[in-house]
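Chain and residue survey
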Amino acid sequence: MRHSAAHVMAEAVQSLFPQAKFGIGPAIENGFYYDFDLPRSLTPEDLTLIGNKMTEIIDDNSPFATKELSKEAARRLFIDQPYKLELVDELPDTVVTTYTQGSFTDLCRGPHVASTGDIGAFKLTHIAGAYWRGDEKRPMLQRIYGVAFDSQAELEDYLVQQAEAAKRDHRRLGKELDLFSIHEEIGPGLICWHPKGALIRQIIEDFWKEEHIKQGYDIVYTPHIAKIDLWKTSGHWDFYRDYLYSPMDVEGKQYILKPMNCLGHIMIYKSQLRSYRDLPLRYAELGTVYRYERAGVLYGLARVRGFTQDDAHIFCRSDQIEAEVAGVVRLSQFMMTTFGFNDYEVLLSTRPEKYAGTIQMWEQATGSLKRVLDELQTPYKEDPGQGVFYGPKIDIKLKDAIGHGWQGPTIQVDFNLPQRFHVCYIGSDGLEYTVTMIHRTVLGSMERFVACLIEHYSGAFPVWLAPVQAMIIPIADRHSDYAHRIRQELQQEKIRAQVDDRSERMNMKIREGQLAKIPYMLIVGDKEAASSSVSIRLRNGEDVGLQSLSEAKARIGTAIEAKA
Ligand SMILES: [Zn+2]
Ligand SMILES: [Zn+2]
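Residues numbered from 1 in each chain as written. Chains lettered and ligands numbered in written order. Predicted model: local features only at pLDDT ≥ 70, side-chain atom pairs only at ≥ 80, totals over all residues. Heavy atoms only, no water.

A short note on the nonpolar core
- Of all hydrophobic cores here, the largest spans 57 residues; its most connected members are I204, V325, M335, F339, I394 and L443.
- It is helix α11 (residues 321-338) that contributes the most residues to this core, eight residues altogether.
- Residues within four places of L443 in sequence aside, it is in contact with I204, W208, D310, M335, M336, F339, Q407, G408 and F449.
- The next biggest cluster of nonpolar side chains, apart from the first, holds 30 residues, and it includes A20, F22, L47 and V113. (Core = buried A, V, L, I, M, F, W, Y, C linked by side-chain atoms within 4.5 Å. Buried < 20%, exposed > 50% of the residue type's maximum accessible area, 1.4 Å probe, protein only. Helix = DSSP H or I, 4+ residues; strand = E, 2+ residues; numbered from the N terminus. Contact = heavy atoms within 4.5 Å.)

If you want it as structure tokens, here you go:
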């Protein structure tokens, strides 16, 4: 149905622009698009005209008719359509098919709905530039996107949901709340964390470190660049070449930016002879890594070129794997709950097409992961072929407040790197054994996780994460001293408070505080100053009223403590 809507859109465009050249028009999630080469740039008014024309075509209820042609006949048919000709030439079959509705014929394999009247409710959403075949050396076409659903009600639900998602978009809120920025001068996909964003990140990092130390992890740091030979030994150079930055020459030796933290941790492990009694060893690092992603796929904080993984590697004996994996799953669940994600999906990714090691190793590792999930009674789905090249993994996908999925914790069992780097321990029998490595992150990366938090909370962070927890608003200038005294008192209690003593009206300051999603606005005037109290307003508009200063401190302190 969605693909049929794309054909109808092409017919509408053809009737408005008889000179149009047609690219491709596939169905996509929730809708469709079509790429056009047109004599001029489309305007939003054009979308309305095209949409109206589509409605007419749908009302005509003209049938989709299919026909088989020889390639030769297809070439004659599309003689004025260079993009279609290119597609005809590349088709492997000797016979091609076309679909015709009304006055428009397209090269297409189908299938289609019976007639245009079967197309449900649609809306054209936006126009974007798209290179023919995604190749920046080929012409730039104009792509029109649309959405289509069986019923008007489903379409409207979808549009409401999209509007809500746009309000929560972390790229927009990141700017409005002054959290981070990306600069063309620095380069795409590289993040500058502003004071408020950096503060949120630091709170998360401090919490993360504390919890890891409690769970028996050791914090380590490793360098950002390393000799290329290390990455050749690991297999990254072979398996991940497309994601690695080009080597740099240092004193005649080649170095690359690290795409992963694993190898540094291996080197720390190997700095001593380890015995079976030393295991497990758990090395944790907030490790910044760099991976190449095409400019076109970069997306705010969610898809970047440099990011900090909350990484750790567990080195253990094979009899310890399941207990260790179980520990990581529990830690991940604890982290998710703490940050307010109660809805998540667990996926078990199995052996991909390109893999290292033996099938037997893969089966053993996959079996361990399954047993752990079964024992923890954690429901999961299998994701065939989605493991990384060195081992199977458990992926936890978070759902945010409006049901969008985010990549969260990942746990990977690896028998491969320890072999490649000869990472061993001495067993109780005095013999040498290869260690098992578990790679894991519980948040993913700081960048993506903060993006996810911004959208989940729509910027209204829980009090413990809010960069400014309380904004003190003096009603008149004469209350300014009292306001600053309160700020100091709150700071003594580690409550992040600021005074808004601009000479603006109180109501405007309250409104701005709410827009900045500050949890508490503490309003102070004559009455409050005389009674050592404050009047509390919440960011949702709720008026709590007059509270003594100690009540207010306790209230905010409790919320921080509860991580609420
Ligand atoms: Zn088609
Ligand atoms: Zn790793």
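Focus: the coordination of the zinc ion (ligand 1)
- Distances from the zinc ion (ligand 1) to its protein donors, namely H3 (NE2), H7 (NE2), C108 (SG) and H112 (NE2), fall within the range 1.9 to 2.4 Å.
- Bound by four donor atoms, the zinc ion (ligand 1) shows angles of 87 to 134° at the metal and therefore tetrahedral coordination geometry.
- When the donors of the zinc ion (ligand 1) are listed by position in the chain, the intervening gaps give H-x3-H-x100-C-x3-H. Linking H3 with H7, this pair stays in helix α1 (residues 2-16), spanning four residues, or about one helical turn. For the residue pair H3 and H7, the accessibility class agrees, reading buried in each case. (Donors = N, O, S within 2.8 Å, 3.2 Å for Na, K, Ca; no water. Tetrahedral: all angles 85-135°; square planar, octahedral: opposite > 155°, others 65-115°.)

So, the environment of Y292
- Along the polypeptide, Y292 turns up in the loop between β15 (281-290) and β16 (306-316).
- The partly exposed category is assigned to Y292, whose relative accessible area is 32%.
- Remark: the alpha-carbon pair of Y292 and D242, spanning 50 residues in sequence, is separated by 7.2 Å.
- Not counting chain neighbours up to four residues away, the residues in contact with Y292 comprise D242, Y243, Y245 and R305.

Thoughts on the packing of helix α7 (residues 195-214) against α11
- Axis separation between α7 and α11 bottoms out at 12 Å; the angle between their running directions is 150°. Viewed along their axes, α7 and α11 adopt a mutual orientation that is roughly antiparallel. Where α7 crosses over α11, the handedness of that crossing is right-handed. Contacts between α7 and α11 pair F207, W208, E211 and H212 from the former with L331, F334, M335 and T338 from the latter. (Axes fitted to C-alpha atoms, helices over the stretch in contact; angles between N-to-C directions. Parallel < 35°, antiparallel > 145°, perpendicular 65-115°, else oblique. Left-handed = near helix turned anticlockwise from the far one by under 90°.)

Looking at the packing of α1 against helix α2 (residues 44-60)
- At their nearest, the axes of α1 and α2 sit 9 Å apart, and the two run at 115° to each other. As for how α1 packs across α2, the hand of that crossing is right-handed. Two secondary-structure elements touch here, α1 through A5, V8, M9, E11, A12, V13, S15 and L16 and α2 through L49, I50, K53, M54, I57 and I58.
- Considering only residue class, the contact of α1 with α2 consists of eleven nonpolar, one polar and two charged. (Nonpolar A, V, L, I, M, F, W, Y, C, P; charged D, E, K, R; others polar.)

Some remarks on the side chain of H439
- Among the structural elements, H439 can be located in strand β23 (residues 436-445).
- At a separation of 2.8 Å, a polar atom in the side chain of H439 contacts the side chain of D414.
- Dropping the residues within four chain positions of it, H439 is found in contact with C262, A312, H313, Y390, T410, I411, Q412, D414 and L417. (Polar contact = N/O pair within 3.5 Å; in protein donor to acceptor, adjacent residues only side chain to side chain.)

Quick look at the packing of aromatic side chains
- With the rule as written, the count across this model stands at 22 aromatic pairs.
- With a centroid separation of 5.8 Å and 85° between ring planes, the pair formed by F207 and F339 is classed as edge-to-face. Here the residue F207 occupies a position in helix α7, and F339 occupies one in the loop between α11 and β17 (344-349), the gap between them amounting to 132 residues.
- Judged by relative accessible area, F339 falls into the buried class, the value being 1%.
- Where F239 meets F389, the ring centres are 4.1 Å apart and the plane angle is 5°; that geometry is what we call stacked. Of this pair, F239 sits in helix α9 (residues 236-239) while F389 sits in the loop between β18 (381-383) and β19 (393-399), and the two are 150 residues apart along the sequence.
- A connected cluster of aromatic rings, assembled from ring pairs, spans F207, F334, F339, F341, F449 and W464. (Phe/Tyr/Trp six-rings, centres within 6.5 Å; stacked < 30°, edge-to-face > 60°.)

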